[in-house]
Amino acid sequence: MAAISKTVKRLSEISIKDYINPYSHLIWPDRLEESDWFTSPELISVYGTRWYEELSDTEKRRLSFYEAVNFFSLNIHGEKSLIEGLAARLYKRGNDEISPYLHHFLDEENKHMVYFGTFCMKYAGKVYPDKKLVFPREHAPGEEDFLFFARVLIFEEIVDFYNVTMARDERLAGLARQINLLHHRDEARHLVFGRLIVKELFERYAPAWPAETLGGVRDYLKSYLAATWKEYYNPAVYRDAGSESPYELMQETLQAESSREHRERVSKGCVEFLIENGILVEEPSL
């Protein structure tokens, strides 16, 4: 991993310089203004559907709150899994060069959970449950580490698009913008590290994998990308926002051409990276 040692050192220095106390940096009002937006309208999962267009402006803003709770919930679950995986790789044999940065990675992901968890519990009284299932299995040499960091990269690439868009959106409540901005500041470093480690691990281990293993890895990543996107279309959100047919609405929205185009647009950078580095050989169906 000598090729990434310089980048890891630089990212660690920036993490120290940009350190933020998550318990004192944000101001949490006792209540939120119901007239505020909490998700950019264009990023609301059902944006453009007939159901969305029939909502009043007040109802759209209420929906934007529950969409924010879902987005923050997805981040909580993703970061819980990420923290477990990073902790397991601290000082693991062969990780000497990256372990110092993994400490910063862990610290920053924990801070993110403070932001997201506080918002969800203080203002919604809940975190939407995790729907992903993980089944243990045997792995080829290097496969488990590669898939872990590849999952992290895919998840964070999508999330960061949302963070950047909403941090800049002046229509949103200040607290929502701040949370997205703080998350992006750290994630920008995580994505640099993620692309480097995923590329390095693939180049190191993939040449020795049997064709069956390599094909399985590619199928898994395509399925993971699709499964990650599906969680953005949460029927519990639609029910909380007043839909009488939340599951039908989810299916309708998932299959809409505009929704597919949105997923492809947001995923474009990540998919291009995976294809350019030979990790995928074709664009996944989203």
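Look a little higher up for the structure.
Residues numbered from 1 in each chain as written. Predicted model: local features only at pLDDT ≥ 70, side-chain atom pairs only at ≥ 80, totals over all residues. Heavy atoms only, no water.

1. Concerning the overall build of the protein
Quick note on the threshold: A helix here means a DSSP run of H or I that spans at least four residues, while a strand means a run of E at least two residues long, and both kinds are numbered starting from the N terminus. The atom set for the radius of gyration is the C-alpha atoms, and the globule formula is 2.2 Å times the number of residues raised to the power 0.38. Burial classes: relative accessible area under 20% of the type maximum marks a residue as buried, over 50% as exposed, and values in between as partly exposed (1.4 Å probe, protein chains only). In this analysis, two residues are considered to be in contact whenever any of their non-hydrogen atoms come within 4.5 Å of each other. Per-residue accessibility takes into account occlusion by the displayed protein chains alone, with areas from the Shrake-Rupley method and a 1.4 Å probe. Counted charges follow a simple rule, with Lys and Arg positive, Asp and Glu negative, and His plus the chain ends left uncounted. Where a charge sits is defined by one atom per residue type, namely NZ (Lys), CZ (Arg), CG (Asp) or CD (Glu).
For the protein, the helix and strand inventory stands at ten helices and zero strands. For the protein, the α and β elements follow one another from N to C terminus as α-α-α-α-α-α-α-α-α-α. Rg of the C-alpha trace for the protein: 19 Å, near the compact-globule value of 19 Å for 286 residues, within the 12% margin. Considering only C-alpha atoms, the protein reaches an extent of 55 × 45 × 30 Å along its principal axes. Sorting the 286 residues of the protein into buried and exposed places 52% on the buried side. The contacts of the protein with a sequence gap of at least 6 include a subset with a gap of at least 24, amounting to 80%. A total of about 14200 Å² of accessible surface is found on the protein, and carbon and sulfur atoms cover 51% of it. Mean positive and mean negative side-chain charge positions of the protein (36 and 47 charges, respectively) differ by 2 Å.

2. Things to note about helix 3 (residues 57-89)
What counts is decided by this rule: What a helix is expected to span follows from its residue count: subtract one and scale by 1.5 Å.
In a regular helix each residue adds 1.5 Å, so 33 residues correspond to 48 Å; helix 3 covers 48 Å between its end C-alpha atoms and thus fits that length. Backbone geometry just downstream of helix 3 places Y91 in the positive-phi region, at approximately 60 degrees.

3. Some details on the nonpolar core
Applied cut-off: Nine residue types can take part in a nonpolar core, namely buried Ala, Val, Leu, Ile, Met, Phe, Trp, Tyr and Cys, and a core is a set of them joined through side-chain atoms within 4.5 Å.
Residues F119, F146 and F193 are the most contacted members of the largest nonpolar core, which totals 88 residues. Among the elements that line this core, the one with the most residues is helix 5 (residues 143-167), at 13 residues. Filtering out sequence-adjacent residues up to four positions away, F193 remains in contact with I4, V8, L11, I98, Y101, L102, F105 and F149.

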